[in-house]
Amino acid sequence: MVLGARVRDIRHSRDMTQEQLAEFLEVSPRYLAGIERGERNLTLDSVDVLADQLGVDSLTLLSRR
């Protein structure tokens, strides 16, 4: 759940909808929603890629505020 909450926080801080962020990340809105709800189990490699795409450190996505 931490990862999903952090992705949602980043999305909100950028004033983006799920659809806009999904398009930016080149994933489906449904997949992004699953990440934000904690329904997707990402590998560490996937977390690294996601963090790079968002322009943040991987630990930012995995640690509580």
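Residues numbered from 1 in each chain as written. Predicted model: local features only at pLDDT ≥ 70, side-chain atom pairs only at ≥ 80, totals over all residues. Heavy atoms only, no water.

A.B. asks: If you had to explain the overall build of the protein to someone new, which residues and values would you point to?
C.D. replies: What the protein contains, in helices and strands, is five helices and zero strands. Listing each helix as α and each strand as β along the protein from the N terminus yields α-α-α-α-α. Its C-alpha atoms give the protein a radius of gyration of 10 Å, near enough to 11 Å, the size a compact globule of 65 residues would have. Taken along its principal axes, the extent of the C-alpha atoms in the protein is 25 × 20 × 20 Å. (Helix = DSSP H or I, 4+ residues; strand = E, 2+ residues; numbered from the N terminus. Rg over C-alpha atoms; globule rule 2.2 N^0.38 Å.)

A.B. asks: Summarise unusual backbone geometry; cite the residues concerned and give the values.
C.D. replies: With a phi angle near 55 degrees, Asp15 is a residue other than glycine that sits in the positive phi range. Tracing the chain through its elements places Asp15 in the loop between α1 (2-13) and α2 (18-25).

A.B. asks: Go over the nonpolar core, please, and point to the residues and values.
C.D. replies: Where a protein is soluble and globular, its nonpolar side chains tend to be buried together. The biggest cluster of nonpolar side chains holds 13 residues, and the ones touching the most others in it are Val7, Leu21, Leu25, Leu32, Leu50, Leu54 and Leu61. Elements that contribute at least two residues to this core include exactly α1, α2, α3 (29-36) and α4 (44-54). When residues of this core are assigned to their parent elements, the largest contribution, four residues, is made by α4. Among residues more than four places away in sequence, those in contact with Leu32 are Val7, Gln18, Leu21, Ala22, Leu25 and Val27. (Core = buried A, V, L, I, M, F, W, Y, C linked by side-chain atoms within 4.5 Å. Buried < 20%, exposed > 50% of the residue type's maximum accessible area, 1.4 Å probe, protein only. Contact = heavy atoms within 4.5 Å.)

A.B. asks: Pulling in residues and values, what's your account of the packing of α2 against α3?
C.D. replies: Packing of α2 against α3 leaves a shortest axis separation of 8 Å and a crossing angle of 105 degrees. Looking at the two axes, α2 sits roughly perpendicular to α3. Residues Gln18, Glu19, Leu21, Ala22 and Leu25 of α2 form the contact with α3, whose participating residues are Pro29, Leu32, Ala33 and Glu36. The residue inventory of the contact of α2 with α3, partitioned by class, reads six nonpolar, one polar and two charged. (Axes fitted to C-alpha atoms, helices over the stretch in contact; angles between N-to-C directions. Parallel < 35°, antiparallel > 145°, perpendicular 65-115°, else oblique. Nonpolar A, V, L, I, M, F, W, Y, C, P; charged D, E, K, R; others polar.)

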